[in-house]
Amino acid sequence: MALVAEYLGQLSLSFGASDPKYPSVVPALDFDPHRDAARIETAIKTKGVDEQTIIDVLTKRTYNQRREIAFAYEQRAKKDLISALKAALSGSLETVILGLMKSPTQYDATAIRESIKGLGTDEESLIEILCSRSNDELVEIKKVYKELFKKELEKDVAGDTSGNFAKLLLALVQTKRDDPSSIVDYDKIDTDARALYDAGVKIKGTDVPTWISIMTERSVPHLQKVFQRYKSYSPYDMQESIKKEVKGDLQASFLVLVQCFENKQLFFANRLNEAMKSKGAKEKVVTRIIVSRCEVDLKKVCSEYKAHFGQSLQKTISEHTKGDYQKVLLGLCGPED
Amino acid sequence: MPSELENAMQSLITVFHSYAGKDGKNTLSRRELRELMEHELPNFLKSQKDPAAVDKIMRDLDANGDGQVDFEEFVALVVGLSIACEQCYQAHLKKYAKK
């Protein structure tokens, strides 16, 4: 059976696992960057701009394919595709399309930069990104952040946040998290569970540094078991304990971390639901989640969404957005299962 | 006449022993594991971009940390790869079923 030999060639080392992927955007089969570049050139030149074609092409190509299209476009049109799209599009559609033309890491780095630069800080966005990205993703983000903005991510985050909140974010950005291992260390699970309890619910006040070091340094599979074990020591589960012990941005960060360890896709589904049901400023959140997860796990986010809210994400998007913005989001989500 | 499955299990054992026995012990040293993977799993090794892949696998497999991988520890690798291949196979079936 030559099949196995072929499959083995496609596997990447996931021993102890990187997270499985459930993208909603997959590489287009039969991909021809020149043909796509031509279609986009025509769409841009069309009077009134043919947004539909741009949406149809770009939402059905992966980031790597979009890059090839950009090269092909530059060859034939002698213009930079991104500038051309910026000029041709506007509003929320433009934001999404320009986001799609960035690599996932560039997109995250830019989003982080926007949340901290200037007066004030968009803590919600900063927390969402820093607390949901994996260790490996954060390593890449740091690199790209430095290339793009000539600054160290750590310095910028420290400059814009304070207290224990800053300490937690910095610990995450230092990417000291253990790699997952297939070996289960039951002793350590128990010690960590007890330490979390002793540092929090058990005492008056909270020993935040202990919480920070356990939650930012242990591997995710290990922590999942730690939170299970935690329930045998504490009358409240980990999320309830967080709400009781700490407040404000620190609470929000710990909660996002724990929710992502337990079920990252459900976390994003909840976020999307909150963002769409509230008005106005939340478009940024919806755009960010859909664009940043479409090649990672958006498909699973859709299924968690449906299971949890009883209605598909696609339907909710149709109800709460309109026009080209709606079309581009639906293009990225793909059809309902 | 052994069944297909019995043959598969027999192969697991004979392949393991043909590499493990080379240094007189019936377990895989790091070098024997590397030889086994280069000869028996070349497609898998080729797709790893990380040259330290074998070392990582060795570390993970050697559950008791004695520098040797016994059959039980080795079989964990085969199981993991089989599960991953089966998932590819399922996706393959789905693609053709849709047509």
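Residues numbered from 1 in each chain as written. Chains lettered and ligands numbered in written order. Predicted model: local features only at pLDDT ≥ 70, side-chain atom pairs only at ≥ 80, totals over all residues. Heavy atoms only, no water.

**Concerning the domain arrangement of chain A**
Residues and elements named next belong to chain A. Here the domain parsing of chain A yields domain 1 (2-100), domain 2 (118-173), domain 3 (186-246) and domain 4 (264-333). Domain 1 and domain 4 are separated by 20 Å when their C-alpha centres are compared. The interface of domain 1 with domain 4 comprises 19 residues on the first partner and 17 residues on the second. Looking at the side of domain 1 facing domain 4, the largest losses of area belong to Y22, S24 and V96, adding up to 34% of the total buried there. At the boundary of domain 1 with domain 4, the tally comes to ten residue pairs in polar contact (both at pLDDT 80 or more). Broken down by secondary-structure element, the contributors of at least two residues to the side of domain 1 that touches domain 4 are α3 (51-58), α4 (63-77) and α6 (91-100). The dominant element in the side of domain 1 that touches domain 4, judged by the number of residues it contributes, is α6, at six residues. Within the side of domain 1 that touches domain 4, the residues separate by chemical class into nine nonpolar, six polar and four charged. (Domains from an automatic or database assignment. Contact = heavy atoms within 4.5 Å. Buried area = accessible area lost by both parts, 1.4 Å probe. Polar contact = N/O pair within 3.5 Å; in protein donor to acceptor, adjacent residues only side chain to side chain. Helix = DSSP H or I, 4+ residues; strand = E, 2+ residues; numbered from the N terminus. Nonpolar A, V, L, I, M, F, W, Y, C, P; charged D, E, K, R; others polar.)

**Describing helix α10 (residues 153-160) of chain A**
Residues and elements named next belong to chain A. Where α10 is concerned, the buried positions are L153, D156 and V157. Angularly, the buried residues of α10 cover 95 degrees about the axis, an arc narrow enough to put them on a single face. Along α10, exposed side chains directed more than 90 degrees from the buried face belong to K155 and G159. Elements in contact with the buried residues of α10: α7 (104-116), α8 (123-132), α9 (135-149) and α11 (163-173). (Buried < 20%, exposed > 50% of the residue type's maximum accessible area, 1.4 Å probe, protein only. Arc of directions from axis to C-beta.)

**Here's the deal with unusual backbone geometry**
All names here are of chain A. In the Ramachandran plot, V49 falls in the positive-phi region, its phi being about 55 degrees despite a non-glycine side chain. Note on placement: V49 falls in the loop between α2 (33-45) and α3. A relative accessible area of 16% places V49 in the buried class. Unlike most non-glycine residues, T175 shows phi in positive territory, near 45 degrees. Structurally, the position occupied by T175 is in the loop between α11 and α12 (186-199).

**Details of the pattern of salt bridges**
Residue and element names in this part refer to chain A. For the structure on display, the rule yields 20 salt bridges over all chains. Between K176 and E217 there is a salt bridge, with the nearest N and O atoms lying 3.8 Å from each other. One end of the pair, K176, is in the loop between α11 and α12; the other, E217, is in helix α13 (residues 208-217), with 41 residues separating them in the sequence. Ionic contacts of the salt-bridge type, sharing partners, join the residues E41, K45 and R76 into one network. (Salt bridge = Lys/Arg side-chain N within 4 Å of Asp/Glu carboxyl O.)

**Thoughts on the packing of helix α16 (residues 248-277) of chain A against helix α19 (residues 313-320) of chain A**
All names here are of chain A. Contact pair α16 / α19: the axes reach a minimum separation of 10 Å and the direction vectors enclose 20 degrees. The angle between α16 and α19 places the two elements in the roughly parallel class. Like other packed secondary-structure pairs, α16 and α19 cross with a definite hand, here left-handed. Of the residues in α19, those touching α16 at L272, M276 and K277 are L313, T316, I317 and H320. Tallied by class, residues from the contact of α16 with α19 come to four nonpolar, two polar and one charged. (Axes fitted to C-alpha atoms, helices over the stretch in contact; angles between N-to-C directions. Parallel < 35°, antiparallel > 145°, perpendicular 65-115°, else oblique. Left-handed = near helix turned anticlockwise from the far one by under 90°.)

**Remarks on the packing of aromatic side chains**
All told, the structure shown has eight aromatic pairs over all chains when counted by the stated rule. Judged by centre distance (6.1 Å) and plane angle (45 degrees), the rings of B:F71 and B:F74 are tilted. Of this pair, B:F71 and B:F74 both sit in helix α5 (residues 71-98), separated by three residues, roughly a single helical turn. A residue is classified by how much of its surface remains accessible, and B:F71, at 29% relative accessible area, is partly exposed. Residue classification places B:F74 among the buried residues on the basis of a relative accessible area of 4%. The cationic tip of A:K244 hangs over the ring face of A:Y236; the distance from NZ or CZ to the ring centre is 4.7 Å. (Phe/Tyr/Trp six-rings, centres within 6.5 Å; stacked < 30°, edge-to-face > 60°. Lys NZ or Arg CZ within 6 Å of the ring centre and 35° of its normal.)

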